[in-house]
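# Tertiary structure, described
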Amino acid sequence: MKGTVSICCFLSLLLLQATAEEEEDFTSVLRDRSHIDETLRLATEEKAGDYAAALQRLRKIYHTAIKPMEQAYKYNELRQHEISDGEITSKPMVLFLGPWSVGKSSMINYLLGLQDSPYQLYTGAEPTTSEFTVIMHGEKIRSVEGIVMAADSSRSFSPLEKFGQNFLEKLIGIEMPHKLLERVTFVDTPGIIENRKQQERGYPFNDVCQWFIDRADLIFVVFDPTKLDVGLELEMLFRQLKGRESQIRIILNKADNLATQDLMRVYGALFWSLAPLINVTEPPRVYVSSFWPYDYAPDTSRELFKREEISLLEDLNQVIENRMENKIAFIRQHGIRVRIHGLLVDRYVQTFKEKMSFFSDPELVFKEIVDEPDKFYIFKSILAKTNVSKFDLPNRDAYRDFFGINPVTNFKPLSTQCSYMGGCLLDKIERAITNELPALLSSINSGKQPGLSSCEATGCGEKPKNRYRKN
């Protein structure tokens, strides 16, 4: 009897060893990556001069037309979004989000060809990535600590310092010379763990995610078909993604682990779970494949997965090719918000001066204006006198907090924000929004070299005009 048991155990060990050897042989077969370079056109040379000239022009428009009003009316204290030169000149950012162990790091290793290299991102079946990892271009391969990234004003990550030193210890950068990284930056994030509160991480995880979401050009939300648990933390993530649906791509990774019939059921279950979280008419595009360096599992839909992969690469390439257009649109959108903020603060200031008398208490007068802005037609007057859309108006409660830390007496009316040589703040920002930025966009699309205007400051020598100045 003992001999029979020993033989069974021996045979079981042999079977397990043979299975392990087969799996090792299977995973050792690397997938062909030639279609990645071909789809992303990494072999083609870019016109660096044209791109640099457009960035220089864009930066000049921002500093001369938008930033002065931004500083005069402290816009960054309302939106907490101050644009740095590093953010203007930064490459498109691709953000990877999702639960733990769904293949986010493996996907980056595959796209960059980092497998079996000293700098491949660590992967495993357990939660492995505990840091925010930024993979970017550099002259040589090296790692950069988060505190160094935040201290370098030439980078676009200096605003991350506001999240504290505990977070900077969880931020790491990896620089390497790679053709793809010359055009795009990847950000790998810690996986979402549903049975752990994000407060346990020691830093404001959701706020940090929101910072990256606000600046990402493309957001990959990755899922494992064998772990479709949608809990409270994932629901919180999708609430943070509201308004960014056009940048979201859903990836059903590791799809070769399931049979075709099971994969169809999982695909339907994924949409069923995400439908309440993504309340839009047109849902985000879903890619179904296995994004890692090794060959597909046998007896799977190889051709389908390959087409899905190429489709995703084309999507990524579109973002890379449109990066200058997207950057101009981003700065213009920011300029529109700054302009609206300036108009609103100006209206608060004017209303305060009109309601003040010799016997009035300034604090009580302004408290009434801030608490009941509709009573004094603060927002309605902006819509009536300007071409501002009501859908672009900020929240009224935000200005109660804004003026709580910024007394109204600190601000001057727009009618006084003019100088003979520098022009008027309102005129300059309106000219940038309606003329200069659209003209720069047209020059990019037409292939013309963007030049610097000779009459940016004062409108070709004309005396500054301000339609808000009282006659």
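That block above? That's the structure.
Keep in mind it's a predicted model, so treat the numbers as computed, not measured.

### Looking at the overall build of the protein chain
- Per the secondary structure count, the protein chain includes 17 helices and 10 strands.
- Evaluated residue by residue, the protein chain yields a buried proportion of 47% over its 471 residues.
- Sequence separation of 24 or more characterises 80% of the internal contacts of the protein chain that already satisfy a separation of 6 or more.
- If you sum the accessible surface of the protein chain, you get close to 24,600 Å²; carbon and sulfur atoms cover 52% of it.

### Considerations on the packing of helix α13 (residues 323-355) against helix α14 (residues 362-371)
- One way to put it is that α13 packs onto α14 with a least axis distance of 10 Å and a crossing angle of 135°. For the element pair α13 / α14, the angle class is oblique. Note that α13 runs across α14; the crossing there is right-handed. Of α14, the residues touching α13 (which contributes Y348, T351, F352 and K355) are P362, V365, F366, I369 and V370.
- Residue classes in the contact of α13 with α14 are distributed as seven nonpolar, one polar and one charged.

### Focus on the sheet that holds strand β7 (residues 248-252)
- The strand order across the open sheet formed by eight strands is β3-β4-β2-β5-β1-β6-β7-β8, and the pairing between neighbours is mixed. Edge strands, defined here as strands with exactly one partner in the open sheet, are β3 (142-145) and β8 (285-288). Shown here is a sheet whose adjacent strand axes are inclined to one another by a mean of 20°, direction ignored.
- Across four bridges, the pairing between β7 and β8 is parallel. Residue pairing in the sheet places I251 in a bridge with Y287 of β8.
- Strand contacts of helix α6 (residues 104-112): β1 (93-97), β2 (132-137), β5 (185-188), β6 (218-223) and β7, with the helix running at about 160° to β5, the strand carrying the most contacts.

### Topic: unusual backbone geometry
- Despite not being glycine, S101 has its phi angle at roughly 55°, a positive value.
- Note that S101 resides in the loop between β1 and α6.
- Of note in the backbone geometry, D299 takes a positive phi value of approximately 60° without being a glycine.
- Within the element layout of this structure, D299 appears in the loop between β8 and α12 (302-321).

### Brief notes about the pairing of β5
- On β5, burial covers both faces: T185 and V187 on one face and F186 and D188 on the other are all buried.
- Pairing of β1 with β5, which is carried by four bridges, proceeds in the parallel orientation. Bridge pairing links V94 to F186 in β5.
- Bridging between β2 and β5 involves three bridges; their strand directions are antiparallel. What sits directly across from V134, in β5, is V187.

### What about the pattern of salt bridges?
- Enumeration according to the criterion identifies 17 salt bridges in this entry.
- Residue K179 is joined to E182 by a salt bridge in which the shortest nitrogen-to-oxygen separation is 3.8 Å.
- Between E430 and R339 there is a salt bridge, with the nearest N and O atoms lying 3.3 Å from each other. Remark: R339 occurs in helix α13 and E430 occurs in helix α17 (residues 425-446); sequence separation between them is 91 residues. The two residues E430 and R339 agree in class, both being buried.
- Each member of the salt-bridge network shares a partner with another, and the members are K367, D371, D397 and R400.

### Brief notes about the packing of α13 against α17
- Between α13 and α17, whose axes approach to 10 Å, the crossing angle comes to 170°. Put simply, α13 runs roughly antiparallel to α17. Only L426, I429, E430, I433, L437, P438, L440, L441, I444 and N445 of α17 make contact with α13, whose side of the interface consists of M324, E325, I328, I331, R332, G335, I336, V338, R339 and L343.
- Among the residues making up the contact of α13 with α17, the classes are represented as 14 nonpolar, two polar and four charged.

### Some words on the side chain of D224
- Within the element layout of this structure, D224 appears in the loop between β6 and α10 (232-240).
- Separated by 3.5 Å, the side chains of D224 and K254 make a polar contact.
- If we skip the residues at most four places from it in the chain, D224 touches S101, V102, N253 and K254.

### Thoughts on the side chain of R215
- Following the sequence through the fold, R215 ends up in helix α9 (residues 205-215).
- Residue class for R215 comes out buried when judged on its relative accessible area of 14%.
- Within the structure, the side chain of R215 is placed 3.4 Å from the side chain of E87, a separation counted as a polar contact.

### Re the pairing of β6
- Across the six residues that make up β6, a large majority, six, are buried.
- Sheet topology places β1 next to β6; four bridges connect them, and they run parallel. Paired with V94 across the two strands is L218, which belongs to β6.
- Across five bridges, β6 lies against β7 in parallel orientation.

### Some details on the packing of aromatic side chains
- The final tally for this structure, using the stated rule, is 26 aromatic pairs.
- When the centroid spacing of 5.9 Å and the interplanar angle of 45° are considered together, the rings of F132 and F205 count as tilted. Placement of F132 in strand β2 and of F205 in helix α9 is noted, with a sequence separation of 73 residues between them. In this structure, F132 and F205 share a single accessibility class: buried.
- Plain terms: the ring middles of F358 and F359 are 5.2 Å apart, the flat faces sit at 90° to each other, and that makes the pair edge-to-face. Each member of the pair F358 and F359 is classed as exposed.
- Aromatic ring contacts, followed pair by pair, group Y73, Y348, F352, F366, F379, Y399, F402, F403 and F411 into a single cluster.

What counts, and where the lines are drawn
Residues numbered from 1 in each chain as written. Predicted model: local features only at pLDDT ≥ 70, side-chain atom pairs only at ≥ 80, totals over all residues. Heavy atoms only, no water. Helix = DSSP H or I, 4+ residues; strand = E, 2+ residues; numbered from the N terminus. Buried < 20%, exposed > 50% of the residue type's maximum accessible area, 1.4 Å probe, protein only. Contact = heavy atoms within 4.5 Å. Areas by Shrake-Rupley, 256 points an atom, 1.4 Å probe, with all protein chains shown as cover. Axes fitted to C-alpha atoms, helices over the stretch in contact; angles between N-to-C directions. Parallel < 35°, antiparallel > 145°, perpendicular 65-115°, else oblique. Left-handed = near helix turned anticlockwise from the far one by under 90°. Nonpolar A, V, L, I, M, F, W, Y, C, P; charged D, E, K, R; others polar. Pairing = 2+ DSSP bridges. Salt bridge = Lys/Arg side-chain N within 4 Å of Asp/Glu carboxyl O. Polar contact = N/O pair within 3.5 Å; in protein donor to acceptor, adjacent residues only side chain to side chain. Phe/Tyr/Trp six-rings, centres within 6.5 Å; stacked < 30°, edge-to-face > 60°.

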